Structure formats: structure tokens, C-alpha cells
Amino acid sequence: MGAQAKFDNLAQGGTNEKRVVATVQTQFEKQGQNVTVAKKETRAEQVWARLLSRFTRADLLTVGTLVVTVLCHWISGFPLIIVERLWPKLLARWKIQAGVRQPTAKIGRMLLNVLEFQLSTLVVGGVVSRLKIKAVEQMAERVTNAPLPSGRRLLAELGFNLLSWEVFFYTTHRILHTARFYKKIHKKHHEFKAPVSLASAYATHIEHVVGDLLPGIIGPALLSFFANSHLVSAWLWVGFGSVLTNINHSGYDFPFNPLRECALMHDYHHYSFYSMLGLFGWMDKLFGTSGGDAYKQWRAEVISRTRKHFP
């Protein structure tokens, strides 16, 4: 009986050991699967970690944001300038103000002015990041430590920033069109009565601060303080905003542009001087600066040409 009991115990022990081994193997397999899933979920985090390892948080906030802005501005605008100057007939059917062609010398001065300004902002951004200003450092910590957003959240925050821009850009833009400020600050931008791409950044330094920077940062600032928004969301906003303003200043009613009405409205603004001060036209309708029947007639004439084949 003693030998039989020992045998049974050994058999029982062998079964338990097998169960333990099987359990451990199952756990390892699950951990391996979790690691694989984690790797798929954290690719963006890995890229972000590399950026944090190479640059300071203040650099990413200041210089990084400016680099995104400048690159998106030139990548979206300069090719259009080249095509318009060298092969104008390719785009003629969509030209809003038909027959208007800016002098080459004027375009050259504008490009040089925009480039000089943007290079100076990059220098200023680098200096600011090195000065270790407490407010800048705190903001940099906040926006770089926030959780990386999902694609859905990025789109939602982009929509919020567009709405914010409509309200605050309209406000500052309308102020710049008053007699007190127009001649000294905003008139330079309106040297192009028929706007061209890249001229969206052709303005005085004061206008860049009051008319562009201020209304542009309000949305991201609100999202940062009240929704813990990440810096990547602000980068998407400034990049998209740079492309959008180039298209709105392009002078063309492109059929593949989902916001082509914005381009029409802003072109009319340069044409008429005062009407259509916002982005989507909502604030203009609310405050009576939409141009009324004059804009409707102008728009009807334009789209009878530009949308003849591609409505």
C-alpha cells in the first residue's frame, strides 16, 4: 500500500507540474500577444519619444511649430506659383479674376519678403526656446506630456480650431479694416487686389501678430488648458491652416477643393476690399459684411466660367 501511495502521489505531482507548465506557457503566449498589440498601438509614441530624445520640449513647441508652418506654407504654395508663371493656360479655366496677372517683379518682392519674415521667426523661435522663459517652459511641458491623440480626436480638435479661427480672425480682421489701423498695418496685404498663393503671409509684422498669430493660437490654447490637448494637434492645425490660407489666396476656384467657397469669398474680399472678412462667411452673415447682392452677382459670374465643366 505504501509503494502504491507513493506512486499515486508522484503521478498526481506530475499532473500538477504539467498543469503549471501549461499555465505558464499560456501566460507567456498572452504576454507575447499583448506586446505585439502594444507595438502596433505605440508606433506614434515611439516616434514622439525619438523627438523628445533629440530636442527639448521648448524647441518642439517653438521651433517645431514654426517649421511645420513654414514647410506646409511653401510646399502647398510655391508649386502653384511656378505653374501659374510658367504654364498659366493649365489653370486659366479656374481663374477667379480672369485676365488678371501679377507682374513678375511684384511676385518676386512678395516671395523675398515672406521668406525673410519666416526665417526671422525661426531665429526668434530658437532664441525663445534657449532663454528658458518660465511660461514657455510650462506650456511646453503641458502640451508635450499630454496623451497622444487618436485620429478621431485630431479631426475633432481641428474642427474646433477652424470654428475658433472663424470667430477670432473675423474680429481682428474687421478691426484691421478700420480707418485707424488699415493704412499702417493691413494695407500691405491688400497690395494684391487679385490674390496669389504665398501672399497669404505677405503682411506687416504687426499684422502677423494681431491678425494671424493671436486668432490662430486661441483655439489650441483653449484645448490645451481645458481638454489636455497634445502639441501634435496644434501642429496639424498650423499645417492645415497654412495650406488652407494658400488655397484661399490662390486666386483659383479648383473643382477638387472641398472648401472652394472659402476661396471665392476671400478672393472677393481682396476684390471688394471690405466684404467677406471671415473664413466660412458665417460671421459675415451675422454682422452684415457678406457683400449682399453684389457678392451674389459677382459669384454667379465667376462660377459660370470656373464651374462650366466641373460643377
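Conventions and cut-offs
- Residues numbered from 1 in each chain as written.
- Predicted model: local features only at pLDDT ≥ 70, side-chain atom pairs only at ≥ 80, totals over all residues.
- Heavy atoms only, no water.
- Helix = DSSP H or I, 4+ residues; strand = E, 2+ residues; numbered from the N terminus.
- Buried < 20%, exposed > 50% of the residue type's maximum accessible area, 1.4 Å probe, protein only.
- Contact = heavy atoms within 4.5 Å.
- Areas by Shrake-Rupley, 256 points an atom, 1.4 Å probe, with all protein chains shown as cover.
- Salt bridge = Lys/Arg side-chain N within 4 Å of Asp/Glu carboxyl O.
- Patch = residues over 30% accessible without salt bridge, like charges linked within 9 Å, V, L, I, M, F, W, Y side chains within 5 Å.
- pLDDT = per-residue confidence, 0-100.
- Expected span 1.5 Å × (residues − 1).
- Core = buried A, V, L, I, M, F, W, Y, C linked by side-chain atoms within 4.5 Å.
- 1 Å grid on protein atoms, 1.4 Å probe; cavity = no way out; pocket = protein on both sides within 12 Å on 5 of 7 lines; lining within 4 Å.
- Points joined across faces, edges and corners; volume = space filled by probe spheres on them.
- Nonpolar A, V, L, I, M, F, W, Y, C, P; charged D, E, K, R; others polar.
- Bend = angle between axes of the 7 residues up to and from the residue.
- Polar contact = N/O pair within 3.5 Å; in protein donor to acceptor, adjacent residues only side chain to side chain.

Trainee: So what exactly am I meant to see when it comes to the overall build of the protein chain here?
Mentor: Tallying secondary structure elements over the protein chain gives 12 helices and 0 strands in all. Going from N to C terminus, the protein chain has its helices and strands arranged as α-α-α-α-α-α-α-α-α-α-α-α. Of all 311 residues assigned to the protein chain, the portion counted as buried reaches 41%. Intrachain contacts of the protein chain at a sequence separation of at least 6 include 76% that bridge at least 24 residues. In the structure as shown, the protein chain presents an accessible area of about 18000 Å², 66% of it carried by carbon and sulfur atoms.

Trainee: Before we go on, may I ask you to explain the pattern of salt bridges in this structure?
Mentor: A side chain of one charge can pair with a side chain of the opposite charge if their charged atoms are brought near each other. Across all of its chains, the model carries 9 salt bridges by this definition. A salt bridge links Arg57 to Glu141; the shortest N-O distance between them is 3.6 Å. Placement of the pair is Arg57 in helix α3 (residues 57–86) and Glu141 in helix α5 (residues 134–145), with a sequence separation of 84 residues. Classification of Arg57 as partly exposed rests on a relative accessible area of 24%. Note on Glu141: relative accessible area 36%, which makes it partly exposed. Close ionic contact of Arg307 with Asp253 constitutes a salt bridge, the shortest N to O distance being 2.8 Å. Remark: Asp253 occurs in the loop between α9 (231–248) and α10 (260–272) and Arg307 occurs in the segment after α12 (292–306); sequence separation between them is 54 residues. Beyond isolated ion pairs, a larger network of salt bridges with shared partners links Asp253, Arg260, Glu261, Arg299 and Arg307.

Trainee: Which parts of the structure should I look at to understand a nonpolar patch on the surface?
Mentor: A cluster of nonpolar side chains, contributed by Ile206, Val209, Val210, Leu213, Leu214 and Ile217, occupies part of the molecular surface with about 490 Å² of accessible area. Residue position: Leu213 is located in helix α8 (residues 205–227).

Trainee: I keep staring at unusual backbone geometry and nothing clicks. Help me out?
Mentor: Trans peptide bonds make up most of the peptide bonds, and negative phi angles are found at most residues other than glycine. Its identity as a non-glycine residue notwithstanding, Lys132 has a phi of 55°, on the positive side. Within the secondary structure, Lys132 sits in the loop between α4 (104–131) and α5.

Trainee: Help me understand the confidence of the model for the protein chain in this model?
Mentor: Regions with low pLDDT should not have their predicted coordinates read in detail. On average, residues of the protein chain carry a pLDDT of 89, and 86% of them reach 70 or more. Low confidence marks residues 32–39, where pLDDT is under 50. Its contacts with residues over four positions away, or in another chain, come to 0 contacts.

Trainee: Looking at this structure, how should I read α10?
Mentor: Each α-helix turn comprises 3.6 residues. Residues three or four places apart therefore point the same way. Helix length check: α10, at 13 residues, gives a terminal C-alpha distance of 18 Å against a target of 18 Å (1.5 Å per residue), a fit within 8%. When α10 is considered as a whole, its buried residues turn out to be Arg260, Cys262, Ala263, Leu264, Met265, His266, Asp267, Tyr268, His269 and His270. Positive phi appears at Phe273, one or two residues downstream of α10, with a value of about 85°.

Trainee: Where do I start with the environment of Leu115 in this structure?
Mentor: Tracing the backbone shows Leu115 in helix α4. Classification of Leu115 by relative accessible area gives partly exposed; the value is 36%.

Trainee: Can you walk me through the nonpolar core in this structure?
Mentor: Soluble globular proteins tend to bury their nonpolar side chains together. Judged by nonpolar contacts, the single largest core of 29 residues is most densely connected at Leu162, Leu231, Leu264, Leu279, Tyr295 and Trp298. The set of elements that each furnish at least two residues to this core consists of α3, α5, α6 (151–176), α9, α10 and α12. Considering every element that reaches this core, the biggest residue donor is α9, with 6 residues. Those residues in contact with Tyr295, other than ones at most four positions away along the chain, are Glu261, Leu264, Met265, Tyr268, Met276 and Ser290. Residues Ile81, Ile107, Ala201 and Tyr202 belong to the second largest nonpolar core, which totals 11 residues.

Trainee: What's the story with the layout of surface pockets in this structure? I'm lost.
Mentor: The gaps left among the atoms become clear once a water-sized probe is rolled over them. Its volume calculated, the second largest pocket comes out at about 170 Å³. When the residues that make up the lining of the second largest pocket are grouped by side-chain class, the tally is 5 nonpolar, 2 polar and 5 charged.

Trainee: Looking at this model, I keep getting lost on α8. Mind explaining?
Mentor: A rise of 1.5 Å per residue sets the reference length of α8, with its 23 residues, at 33 Å; its end C-alpha atoms lie 31 Å apart and thus fit the reference within 8%. Taking the largest bend as the criterion, α8 deviates by roughly 40°, centred on Leu213, and proline Pro215 comes between one and four positions later.

Trainee: Could you clarify how one ought to interpret the side chain of Thr172 in this entry?
Mentor: Here Thr172 lies in helix α6. A polar contact is formed between the side chain of Thr172 and the backbone oxygen of Phe169, at a distance of 3.2 Å. With residues up to four places along the chain from it excluded, the contact list for Thr172 reads Val210, Gly211 and Pro215.

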